[in-house]
2 protein chains.
Amino acid sequence: MYKTNKIIFSLSLVLATATTGIAQQPKRLIDEVNPFIGTSNFGTTNPGAIVPNGLMSITPFNVMGSAELNKYDKDARWWSTPYSADNKFFTGFSHVNLSGVGCPELGSILLSASTGKLDVDYTHYGTTLSQEKAHPGYYTAVLDKYNVQAEVSATTRTSITAFTFREGGMSNILVNLGQGLTNESGATVRFLNDSTLVGSKLMGTFCYNPQAVFNQYFAIRISRRAPQSGYWKKQPPMQGVEAEWDHDHGRYKLYPTYRKEMSGNDIGVWFTFETKPNEVIYVQTGVSFVSAENALLNLDTEQRGFDFHKVKSEAETAWEQALRTVEVEGGTAEQRTVFYTALYHLLIHPNILQDVNGEYPMMGSLRTGKTRHDRYTVYSLWDTYRNVHPLLSLLYPKKQLAMVETMLDMYRESGWLPKWELYGQETLTMEGDPSLIVLNDTWHRGIRGFDTQLAYEAMVKGATTRGKDNLMRPDNDDYLSRGYVPLREKFDNSVSHALEYYIADWNLSQFARSLGKKKEADLFYRRSLGYKHYFDKETGLLRPILPNGKFLTPFNPTLGRDFEPNPGFHEGNSWNYSFFVPHDIKGLSKLMGGEQAFVRKLQSVFDEGNYDPANEPDIAYPYLFTYYPKEAWRTQQLTKKLLSEHFHNSPSGIPGNDDTGTMSAWAIYTMMGFYPDCPGSTTYALTTPTFERITIHLDPDYYTQKKLIVEKRAASGDGGDYFHTLEVGNKLYKSTYRLDHNSLVNAGKIAFLTQGKP
Amino acid sequence: MYKTNKIIFSLSLVLATATTGIAQQPKRLIDEVNPFIGTSNFGTTNPGAIVPNGLMSITPFNVMGSAELNKYDKDARWWSTPYSADNKFFTGFSHVNLSGVGCPELGSILLSASTGKLDVDYTHYGTTLSQEKAHPGYYTAVLDKYNVQAEVSATTRTSITAFTFREGGMSNILVNLGQGLTNESGATVRFLNDSTLVGSKLMGTFCYNPQAVFNQYFAIRISRRAPQSGYWKKQPPMQGVEAEWDHDHGRYKLYPTYRKEMSGNDIGVWFTFETKPNEVIYVQTGVSFVSAENALLNLDTEQRGFDFHKVKSEAETAWEQALRTVEVEGGTAEQRTVFYTALYHLLIHPNILQDVNGEYPMMGSLRTGKTRHDRYTVYSLWDTYRNVHPLLSLLYPKKQLAMVETMLDMYRESGWLPKWELYGQETLTMEGDPSLIVLNDTWHRGIRGFDTQLAYEAMVKGATTRGKDNLMRPDNDDYLSRGYVPLREKFDNSVSHALEYYIADWNLSQFARSLGKKKEADLFYRRSLGYKHYFDKETGLLRPILPNGKFLTPFNPTLGRDFEPNPGFHEGNSWNYSFFVPHDIKGLSKLMGGEQAFVRKLQSVFDEGNYDPANEPDIAYPYLFTYYPKEAWRTQQLTKKLLSEHFHNSPSGIPGNDDTGTMSAWAIYTMMGFYPDCPGSTTYALTTPTFERITIHLDPDYYTQKKLIVEKRAASGDGGDYFHTLEVGNKLYKSTYRLDHNSLVNAGKIAFLTQGKP
């Protein structure tokens, strides 16, 4: 009895320690990350495995096949993510996925396992999952129906999946090439040998752009020779005599012996074997967007043998190193998790595109290029120009330089900088001229190792080409002749377009000025102020203008919430856009009646529910109070409130689509105490940081100081959420709420001296 | 006036000459052939272009897309040919087709043209044809809807199509990879360059054997660069929000810019350009059953440039040479056309399978072999062992030897001789052990340059392996233990199976005897007489036996006409099979009660409508009277009647499925005056030839005589349809109606002395 009691006692202690979370900090930053954040509330992130900016991502796919077990079905509504925390019916691991986007794409090549009699219908072989766990580079769960544990990890271009068949017996591996998130269809696959498959599946029509299509090539290898294997293909339905004779018609037909190409809309591959209890079967997948040969080369190069531990361990190390660029102290466990998860999400996109041999699909996808620098893809630039690229310039300047070099290569290849690029295809999603801003912003942050003359040429092309030939600015004729874009069609988003051109032209004027082109700089600067055309004195807001030059009437400035169609504005209402002239806030303020009127109006956005924390046009609004030192407390109050309201350690912990890291970048900056409220300007708006101490390790190739330390120190005994005083290096900055990038990165340390009241 | 009159006069003369067909014999034998014979009445031949035994055939496809214009639709009934003379709605030229078969297969990769706005829906772009003309190696017609003339020709592995856009203007070339005769589906294609496509389309499930599938690889080249081109793919239907956003859902989507792989169930490729009036666009297609690379190599090797005239001219020459093996004099124009068309149909199948580099899909299609001799495919052996291969041995012994070598290679590769082989796949269509018979028959006709030991081994394997492992004789256990196959399932075709094994075993005994294996020869000979088990004294016919050894009761010997299911018999009734013991007619005759009873019963088959001229089991029946010299006039009377009733110069001029030349071989032999009524025996039954003089040019590598001349000479002044006397060489054969192969081929000349009455 004594012995038993002791054991029970010890066990209780262990459990208490585990559940109360007492004791040591986790030693690894990757354990601070919760990859499930953003997997509900339309965050559209996913919990699967990827390495930083890796081409490959592998994630559980659970958005089809069961109306009972799933809340959301990819085909029953607008749906853009392979995984939802609100769903339960798993149908495989999808290979290569988008994170935090608003349109369905990729999320295909579904790998799963089952036991017992082979059934290749995903509505049958799908299963609930339990014991889901994930950290960067690793995800695991149990496939309940089969008591099979699945674990996945990834290298840059390949994945590995370990299926542990806990009970052994007849076991199946299933590769579904028919289903997936993409709206495109059609695949071809063949057995290269008994245990290796190669093929391609068409992807594309992202955001319903019908022509932006591209093949995802793959090579798949299984660790054990299967005595039985083959293809399946769902047969087209037949009628009459044909149907009588063809027993497979309308069903999944199995091809257990054929081994050459199998092509079709709804095809797959299965392997069946007898396993011993707890036998582990590994499946590796390599991908490429150039060719099946390259997918195989990627697989052969990045994985020798089937060493799950090695892949996982290297993925963890890569993440640990990336995350360690910023070390935080203080804050709650949840705040740390929110912060590091945001940093994790920052490093999902853009993705490395080139194969191990340097080959990549050139812009337009018809030719294959060979690159010397990392070639990136997945540029959601309308989102990311605002904060993702500025933050990458600060934290990962080498990545940012390669991304900019990639953008210039795209210009070389296609004649245009990217707008919303996806695997070598311009999807033309959203509006504006965002690349230009990224180029200028990067240059002004001191990342200058790219061809600035070419960059300027590319920028000017977008700014000056006539509309019908202009990929960036299709309504450039109106814009150039009138200084604004009139509303020519009911939902043409004309004001949103023009506002993007103004901030772009302001950036272009900055860049021209830096290159000594004063005349051009003046011209583009003047254009950037054209927003004033839209200013309507009656409402004090920006208002669509009709082709006859008069304001649109009637005009409802609150119309356009929740993606409701709204004349002149894209994904938002007039309030969401009316302060979006980040390059001339003082000018806007003047139009609005000066400081007090401006501040009152801006505050009303938050007070009256016109602030959308989940879409880009207004996300810098909380920081605009910093233009008026007396009002800067509002920024500090609002950012704390917005962080705590919208960013949690839970699946719904991102306010909406993460927008390939843009929402996450907002959280990272905000938690660090500074925000680039005007892209292309190097001035940050400041707010109270979340953590007591933040150490940013700066890349010595780009920055003089090795570190930037951000401290939050209680100015008086009470500490608190507000600050009036800042120390930059050794100097005191009183009543200053905006700080230049150069001052920041050269400071070594900045300290926010906080107090309890505004 | 005078002048005008003269012109009219001249023109009338020309027209009169043309329409009355006066004047010269056509100089070319190819002009005697009417490729439209067999394109109605379920002959299932097609009028397209092919070279003798060529891998490529290209033919108009008109069996889908219009319920109004077509009498038959491939999907509305059992349908097995790409072309019907009863239909009118053309949807393209299909590449690689089967001729004279009873199951749907191949007949895909549909090439067509249109003018005006591009429309890729075949129900729209299809058109009626007019001015159809064809001769061996050439077919032409006008696509009415577009006033485009299409002409096609072929080399061994490639085709060329010339589209003459008579009116010019916006013109389209369409390659439909989704539709076709095959019941399989799924294709993949890609642009190799602006004017070249490569890809594959899955074929198979011939006669609803679900696993006999194989890819047809193709390379397609167009003579002009098209300013616009691309893929199409019919999109799967979507529902709800997806359907609202994806405007292509459920429709044919065009992909005008994408150029890498396109895969799916219903895809195609289009080219659009402006043509001048009468501009000709050429499209070449190469095929392979090994790889797309080989398809391209075949195309590059067999066609340089776009020289339609050269391809056509070489195809015509090849046919002219092949047809000239037999020269006939006398007979009517229709008889000559029937004869040469039959000879043409004899040389469609089997087809050369190897690519120009010697590669071919080994039996089972999983490996690629390299051959030194011509490798053949499309072995419909249940049909062709009866007369096609004996006739090829006589007329084209080199082809026949390569076919036999191919069959032995198939044994080497797969462990089995072929039964119904299709592009490296055993389709297991029909029953019996037919290869064995072909091997023995070929050897006995003096074509012996193959490995006889291996042949014997292969033959014995089929004859002796137990049923469950026996591809040839699945019911071999019963057969070996009982000497017959009992009816174990209602429609198991047990009697038909056993009858095939008897004739096979008789052949095997012949072969064993020739190799000096007397004991084995005796054993197999005894087995070949097992048919006697089935002889039912009550009806005097062969009757199914139940597993308990008793005859099936009730028993209706006329049940089974017109493919009506019938216990014990396959595609026929007891009457169609009861005389099918060609190796022991005298024994059968004895069972039936001797000569008179036998003759009476045999005659009743014809008199009472139990003779099926369109299916194999009874096609030698008319010749069986020759076993009794006094009754041989019946053979002469019947064969003349059957020829005139069932073989005409019209689309319905073949009595039913040509069965890859078997019906045609029946007509050729019959019109020449001799028939191999017992395959494997070298004795021909004789009948009155159709022509006054027939010159058969014998291959000097195999035959001592250069020629065999068959003459029909009037014995008395009146001439006529019957003969009693035959001259063989210089010797008179009186009252002899059966003649040995060796006597025939060494005779130099045989003469039938005819008279008007039996």
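The structure presented is a predicted model; accordingly, all values stated were derived computationally and were not measured.

Conventions adopted
- Along each chain, the written sequence defines residue order, and numbers are assigned to residues from 1.
- Written order decides the labels, with chains lettered from A and ligands numbered from 1.
- Restriction of local features to residues with pLDDT of at least 70 applies here, the model being predicted, together with a cutoff of 80 or more for giving and counting side-chain atom pairs; totals for whole chains, interfaces and linings are based on all residues.
- Hydrogens and water molecules were not included; the side-chain quantities draw on all heavy atoms of the structure.
- Secondary structure follows DSSP: runs of H or I at least 4 residues long count as helices, runs of E at least 2 residues long count as strands, and numbering of each begins at the N terminus.
- To get the radius of gyration, use the C-alpha atoms; to get the globule rule, take the number of residues to the power 0.38 and multiply by 2.2 Å.
- Relative accessibility decides the category of a residue: with a 1.4 Å probe and only protein chains considered, values under 20% of the type maximum give buried, values over 50% give exposed, and everything between is partly exposed.
- Contact between two residues is taken to exist if any of their heavy atoms lie within 4.5 Å; hydrogens are not considered.
- Asp and Glu are treated as the negative residues and Lys and Arg as the positive ones, with His and the ends of the chain left uncounted.
- A charged residue contributes its charge at one atom only: NZ of Lys, CZ of Arg, CG of Asp or CD of Glu.
- Buried area counts how much accessible surface, traced with a 1.4 Å probe, disappears from two parts once they are put together, with both parts' losses summed.
- Salt bridges are identified by distance alone: a Lys or Arg side-chain nitrogen within 4 Å of an Asp or Glu carboxyl oxygen.
- By the criterion applied in these results, polar contacts are pairs of N or O atoms within 3.5 Å in which, for protein atoms, one can donate a hydrogen and the other can accept it, and in which residues neighboring in sequence qualify only through two side-chain atoms.
- A score between 0 and 100, pLDDT records how confident the predictor is in each residue.
- UniProt positions are given in the numbering used here, feature names are shortened, and annotations may be inferred rather than shown by experiment.
- As used throughout, domain bounds are those supplied by an automatic or database domain assignment.
- Between any two strands, pairing holds if DSSP finds at least two bridges.
- To define axes, lines are fitted to C-alpha atoms, for helices over the stretch in contact only, and angles between the resulting N-to-C directions are given on a 0 to 180 degree scale.
- To sort the angles, those under 35 degrees are grouped as roughly parallel, those over 145 as roughly antiparallel, those from 65 to 115 as roughly perpendicular, and the leftovers as oblique.
- Whether a crossing is left-handed or right-handed is set by the direction in which the near helix is turned from the far one by less than a right angle, anticlockwise for left-handed and clockwise for right-handed.
- Copies are brought into register by a least-squares superposition over C-alpha atoms of residues with pLDDT of at least 70 in both.
- For this text, the term disulfide refers to a pair of cysteine sulfurs within 2.5 Å.

**Q** Describe the overall build of chain A, with residues and values.
**A** Regarding its fold elements, chain A presents 20 helices and 35 strands. What you see for chain A is a C-alpha radius of gyration of 27 Å, in line with the 27 Å of a compact globule of 758 residues. By the burial criterion, 66% of the 758 residues in chain A qualify as buried. Across chain A, the fraction of contacts at a sequence separation of at least 24, relative to all contacts at a separation of at least 6, is 68%. Of the side-chain charges in chain A, 77 are positive and 82 negative, and the distance between the mean point of each set is 4 Å.

**Q** Describe the interface of chain B and chain A, listing the residues and the values that go with them.
**A** Each side of the interface is counted separately: chain B has 48 residues, and chain A has 48 residues. Here chain B and chain A share an interface that buries about 3,900 Å² over both sides, 49% of which is from carbon and sulfur atoms. Taken as a group, Glu242, Tyr258 and Lys260 of chain B account for 15% of the area that chain B buries against chain A, more than any other trio of residues on that side. Counting every contact that joins chain B to chain A gives 4 salt bridges. When the shortest N-O distance is used, the salt bridge between Lys233 of chain A and Glu184 of chain B registers 2.8 Å. Taken together, the links from chain B to chain A amount to 21 residue pairs in polar contact (both at pLDDT 80 or more). Looking at the side of chain B that touches chain A, the elements with two or more residues in it are strand 10 (187-193), strand 11 (196-204), strand 12 (213-222), helix 3 (240-245), strand 14 (252-255) and strand 15 (262-264) of chain B. The biggest single contributor to the side of chain B that touches chain A is strand 12 of chain B, with 4 residues.

**Q** Explain the confidence of the model for chain A residue by residue, including any values.
**A** Chain-level statistics for chain A give a pLDDT mean of 94 and a share of 96% at 70 or above. Segment residues 1-23 of chain A: pLDDT under 50, and 2 contacts once partners within four positions in sequence are set aside and those in other chains are kept.

**Q** Explain the UniProt feature "domain: Glycosyl hydrolase family 92 N-terminal" (unreviewed entry) in chain A to me, using residue names and the numbers behind them.
**A** As annotated in UniProt, the feature "domain: Glycosyl hydrolase family 92 N-terminal" (unreviewed entry) corresponds to residues 33-288 of chain A in the numbering used here. Helix makes up 4% of residues 33-288 of chain A and strand 46%, with an end-to-end C-alpha separation of 28 Å.

**Q** Just give me the short version of the domain arrangement of chain A, but keep the residues and values in it.
**A** Residues and elements named next belong to chain A. Per the domain assignment, the segments making up chain A are domain 1 (33-321) and domain 2 (324-751). The interface of domain 1 with domain 2 comprises 51 residues on the first partner and 48 residues on the second. Approximately 3,800 Å² of surface area, both sides summed, lies buried where domain 1 meets domain 2, with 57% of it carried by carbon and sulfur atoms. Note that Glu320 and Arg324 form a salt bridge whose closest N and O atoms lie 2.8 Å from each other. At the junction of domain 1 with domain 2, the criterion picks out 29 residue pairs in polar contact (both at pLDDT 80 or more). Those elements giving two or more residues to the side of domain 1 that touches domain 2 turn out to be strand 12 (213-222), strand 17 (279-288), helix 4 (292-302) and helix 5 (308-323).

**Q** Explain unusual backbone geometry to me, and be specific about the residues and the numbers.
**A** A cis amide bond, omega -5°, links Thr553 of chain A with the succeeding residue Pro554 of chain A. Of the consecutive residues His349 of chain B and Pro350 of chain B, the connecting peptide bond is found in the cis state with omega at -15°. Considering the arrangement of structural elements, one finds Pro350 of chain B in the loop between helix 6 (333-346) and strand 19 (351-352). One non-glycine residue with positive phi stands out, namely Leu106 of chain A, at about 55°. Structurally, Leu106 of chain A can be placed in the loop between strand 3 (92-95) and strand 4 (108-115). Of note, the phi angle at Leu428 of chain B is positive, near 60°, even though the residue is not glycine. Mapped onto the elements, Leu428 of chain B comes out in the loop between strand 25 (425-426) and helix 10 (434-444). Residue classification places Leu428 of chain B among the partly exposed positions, given a relative accessible area of 41%.

**Q** Residues and numbers for the environment of Ala620 of chain A, please.
**A** All names here are of chain A. Relative to the assigned elements, Ala620 resides in the loop between helix 17 (595-607) and helix 18 (632-646). Classification of Ala620 by relative accessible area gives buried; the value is 15%. In this structure the C-alpha to C-alpha distance between Ala620 and Phe598, which are 22 residues apart in sequence, comes to 15 Å. Discounting residues that sit within four places of it in the chain, Ala620 has contacts with Tyr675 and Asp677.

**Q** Give a detailed account of the sheet that holds strand 15 (residues 262-264) of chain A, specifying residues and quantitative values.
**A** Residues and elements named next belong to chain A. Spatial ordering of the open sheet is given by 5-6-7-8-17-12-11-10-15, a layout of 9 strands whose pairing is antiparallel. The sheet is open, and its two borders are formed by strand 5 (129-135) and strand 15, each paired with just one other strand. Averaged over neighbouring strand pairs, the angle between their axes works out to 15° when direction is ignored. Across the sheet, helix 4 is in contact with strand 8 (158-165), strand 10 (187-193), strand 11 (196-204), strand 12 and strand 17; its angle to strand 12 comes to roughly 45°. Together, strand 5, strand 6 (138-143), strand 7 (148-154), strand 8 and strand 17 form the strand contacts of helix 5, whose direction differs from that of strand 7 by roughly 50°.

**Q** Quick rundown of the packing of helix 18 of chain A against helix 19 (residues 662-672) of chain A? Include the residues and the values.
**A** All names here are of chain A. Put simply, helix 18 and helix 19 touch, their axes get as near as 11 Å, and they point 130° apart. It follows that helix 18 is oblique to helix 19 by the angle criterion. The handedness of the crossing between helix 18 and helix 19 is left-handed. Two secondary-structure elements touch here, helix 18 through Thr639, Leu642 and Leu643 and helix 19 through Trp666, Ala667, Thr670 and Met671.

**Q** Outline the sheet that holds strand 25 (residues 425-426) of chain A, supporting the account with residue identities and numerical values.
**A** Residues and elements named next belong to chain A. With respect to topology, 3 strands assemble into an open sheet ordered 23-24-25, the strand pairing being antiparallel. Edge positions in the sheet fall to strand 23 (379-380) and strand 25, since each has one partner strand and no second. Pairing between strand 23 and strand 24 (residues 420-422): 2 bridges, direction antiparallel. If you follow Ser380 over to strand 24, its bridge partner there is Trp420.

**Q** Any chance you could break down the relation of the copies chain B and chain A for me, citing the residues and the numbers?
**A** Overlay of chain B on chain A (RMSD 0.0 Å): rotation 180°, translation along the axis 0.0 Å. Seen this way, the second copy is the image of the first under a two-fold rotation axis. Nearest to the rotation axis, the C-alpha of Gly264 of chain B is located 1.9 Å from it, this being the minimum over chain B.

**Q** Any details on the state of the cysteines? Residues and values, ideally.
**A** All names here are of chain A. Taken as a whole and assessed by the stated rule, the structure comprises 2 disulfides over all chains. Residue Cys103 pairs covalently with Cys207 via a disulfide, S to S 1.8 Å. Around the S-S axis, the bridge from Cys103 to Cys207 shows a dihedral of about 100° and counts as right-handed. Remark: Cys207 occurs in the loop between strand 11 and strand 12 and Cys103 occurs in the loop between strand 3 and strand 4; sequence separation between them is 104 residues.

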